[in-house]
Amino acid sequence: MRRTTARLADGREIVYFDDTPDAPVRTVADSRDLPPFQPGSEMRRDPLTGEWVAMAAHRQTRTYKPPANMCPLCPSEPGKLTEIPEHSYDVVVFENRFPSFSHPVHGFHGDGMTTVDGRELVQRAPGEGRCEVVCFTSDHNSSFGELTVPRIRTVVDVWADRTEAMSKLPYVAQVFPFENRGEEIGVTLSHPHGQIYGYPFITPRTARMLDVASSYMDKNGRPVMGDVLDAERKEGTRVIESSEHWTAFVPVAARWPVEVHVVPHRQVPDLPALTDDERDDFASLYSRVLRHLDSLYDRPLPYIAAWHQAPVRECRDLAWLHLEVFSILRTKDKLKYLAGSESGMAVWINDVTPEAVAERLRNAG
């Protein structure tokens, strides 16, 4: 794979990852007339939960459901300049033009920790971090599930590359690669793409999982994910796909109507820690998992694919890398809405058993 780094017209970084042997040298400059990249976001800590909330008002003007011929993630053409200056690409990553978190230089006045209304009750801080867009293919009408296994393998390497790069930034505490797919999920750009967030804090979900992992290790002397994986592989009723290095299964306490966890058989903290064999194996298995998902309702499944990685500097011995893929589609034409119990109290109620979903997924595709 060839890696080429360049800059867009407003100073944002763009990185090309080419796996095609005869891919052209990436030398096309961004000729758009763009203002300097100066997003500003802040964070406020909720005094009732202790959780940070990002405020990024500049995102209100981000691109919203453009027609296919105006897609900003397609390669540039004469008379149509996009976020990617080149006329073709394999996989490309660039800094988000409308980020939720941004480099400290463009942060909230660079003024460090302050308070709201001058009271200690609510802390406020610059929204420092990094947000990147990952375009999986130049084909606007494709999807991740339609990628070849070698291309999926390239994307795995790209995720690992960007995780390593973001982990070196002193203001990033956790790196989160993810993909949103489908309008029902809230996707505003239909081109096959994902994102990577470099958070300046450890996210609430990760903090909770690490607390549980720590307590379980103290009590049992073993990692909780290892025991979950062993139990699922032995029981088998919720397993969708399995290979030498990975198992995909519906979790025993699934929250979503369709939910699959893809877990490596070896405890590793993050994507960069995977071996070449483990990356190869994931690419093949994940391709099959996506075929199951798209065959479930005989239509492209709207989903979120979320990588759970260890924090950059803390609790790396407790974390166990894994991918969670889930959908809000509970039937072919009905959505699972997060109503009172889920949104108000974070108590999930599922309308279908994990065992039933697993059987349907195994038989699909």
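Keep in mind it's a predicted model, so treat the numbers as computed, not measured. (Residues numbered from 1 in each chain as written. Predicted model: local features only at pLDDT ≥ 70, side-chain atom pairs only at ≥ 80, totals over all residues. Heavy atoms only, no water.)

Undergrad: When you look at the overall build of the protein chain in this model, what are you seeing that I'm missing?
TA: Each helix and strand in the protein chain was counted, giving six helices and 17 strands. In summary, the protein chain has a C-alpha radius of gyration of 21 Å against a globular reference of 21 Å for 365 residues, a match within 12%. Each of the three principal axes of the protein chain carries a C-alpha extent, and together these read 60 × 55 × 40 Å. The 365 residues of the protein chain split such that 51% are buried. In the protein chain, of all internal contacts separated by at least 6 residues, the share reaching a separation of at least 24 is 67%. Summed over all atoms, the accessible surface of the protein chain reaches about 17300 Å², with 51% contributed by carbon and sulfur. (Helix = DSSP H or I, 4+ residues; strand = E, 2+ residues; numbered from the N terminus. Rg over C-alpha atoms; globule rule 2.2 N^0.38 Å. Buried < 20%, exposed > 50% of the residue type's maximum accessible area, 1.4 Å probe, protein only. Contact = heavy atoms within 4.5 Å. Areas by Shrake-Rupley, 256 points an atom, 1.4 Å probe, with all protein chains shown as cover.)

Undergrad: So what exactly am I meant to see when it comes to the pairing of strand E1 (residues 2-7) here?
TA: Look at any regular strand and the pattern is simple: side chains alternate between the two faces of the sheet. When E1 meets strand E2 (residues 13-18), the two strands line up antiparallel, connected through six bridges. The partner of Arg 2 across the bridge, within E2, is Asp 18. Adjacent in sequence and paired antiparallel, E1 and E2 are bridged by five residues, among which Gly 11 carries a positive phi angle near 100 degrees. (Pairing = 2+ DSSP bridges.)

Undergrad: So what exactly am I meant to see when it comes to the sheet that holds strand E7 (residues 123-126) here?
TA: Whenever strands of a sheet pair, they do so through backbone hydrogen bonds, lying parallel or antiparallel. Reading across from one edge, E4-E3-E7-E6 is the order of the four strands in this open sheet, with antiparallel pairing throughout. Looking along the sheet, the strands with just one partner apiece sit at the ends: strand E4 (52-55) and strand E6 (114-115). As judged from the two bridges shared by E6 and E7, these two strands associate in the antiparallel manner. Across the sheet, Thr 115 pairs through a bridge with Gln 123, a residue of E7.

Undergrad: Explain the pairing of strand E13 (residues 258-264) here, please?
TA: Buried residues dominate E13, accounting for seven of its seven residues. Burial along E13 is two-sided: the residues Val 258, Val 260, Val 262 and Pro 264 and Glu 259, His 261 and Val 263 are all buried. Examined bridge by bridge, strand E12 (residues 246-249) and E13 share four bridges and lie antiparallel to one another. The residue of E13 that forms the bridge with Phe 249 is His 261. Alignment of E13 against strand E15 (residues 322-327), held across five bridges, turns out to be antiparallel. Following the sheet pairing, Glu 259 is matched in E15 by Phe 326.

Undergrad: What's the story with the nonpolar core in this structure? I'm lost.
TA: Among soluble globular proteins, nonpolar side chains are generally buried collectively. Core analysis: the biggest nonpolar cluster contains 52 residues, and Phe 144, Trp 159, Val 260, Phe 282, Tyr 286, Leu 293 and Leu 361 have the highest contact counts within it. Examining the composition of this core, we find that eight residues originate from one element, helix H4 (residues 276-296), more than from any other. Excluding anything up to four places from it in sequence, Trp 159 contacts Phe 136, Phe 144, Pro 177, Ile 196, Leu 271, Phe 282 and Trp 307. Counting 13 residues, the second-largest nonpolar core is a separate cluster that includes Leu 73, Ile 84, Val 92 and Cys 135. (Core = buried A, V, L, I, M, F, W, Y, C linked by side-chain atoms within 4.5 Å.)

Undergrad: Would you mind showing me how to read the environment of Pro 300 here?
TA: In this fold, Pro 300 is placed in the loop between H4 and strand E14 (303-308). Pro 300 sits in the exposed class, given a relative accessible area of 52%. Sequence separation of Pro 300 and Phe 94 is 206 residues, and the distance between their C-alpha atoms is 26 Å.

Undergrad: Explain the pattern of salt bridges to me, please; I cannot follow it from the model alone.
TA: A side chain of one charge can pair with a side chain of the opposite charge when the charged atoms of the two come close. Across all of its chains, the model carries 33 salt bridges by this definition. Among the salt bridges present, the one from Arg 26 reaches Glu 86, with a minimum N-O distance of 3.5 Å. Of the two residues, Arg 26 is situated in the loop between E2 and strand E3 (42-45) and Glu 86 in the loop between E4 and strand E5 (91-95); the sequence distance between them amounts to 60 residues. The residue Glu 241 makes a salt bridge to Arg 288 at a minimum N-O spacing of 3.0 Å. With Glu 241 in strand E11 (residues 239-242) and Arg 288 in helix H4, this pair connects stretches of sequence that are 47 residues apart. Beyond isolated ion pairs, a larger network of salt bridges with shared partners links Arg 3, Arg 7, Glu 13, Glu 95, Arg 130, Glu 132, Asp 161 and Arg 162. (Salt bridge = Lys/Arg side-chain N within 4 Å of Asp/Glu carboxyl O.)

All we've got here are geometric facts, nothing functional implied.
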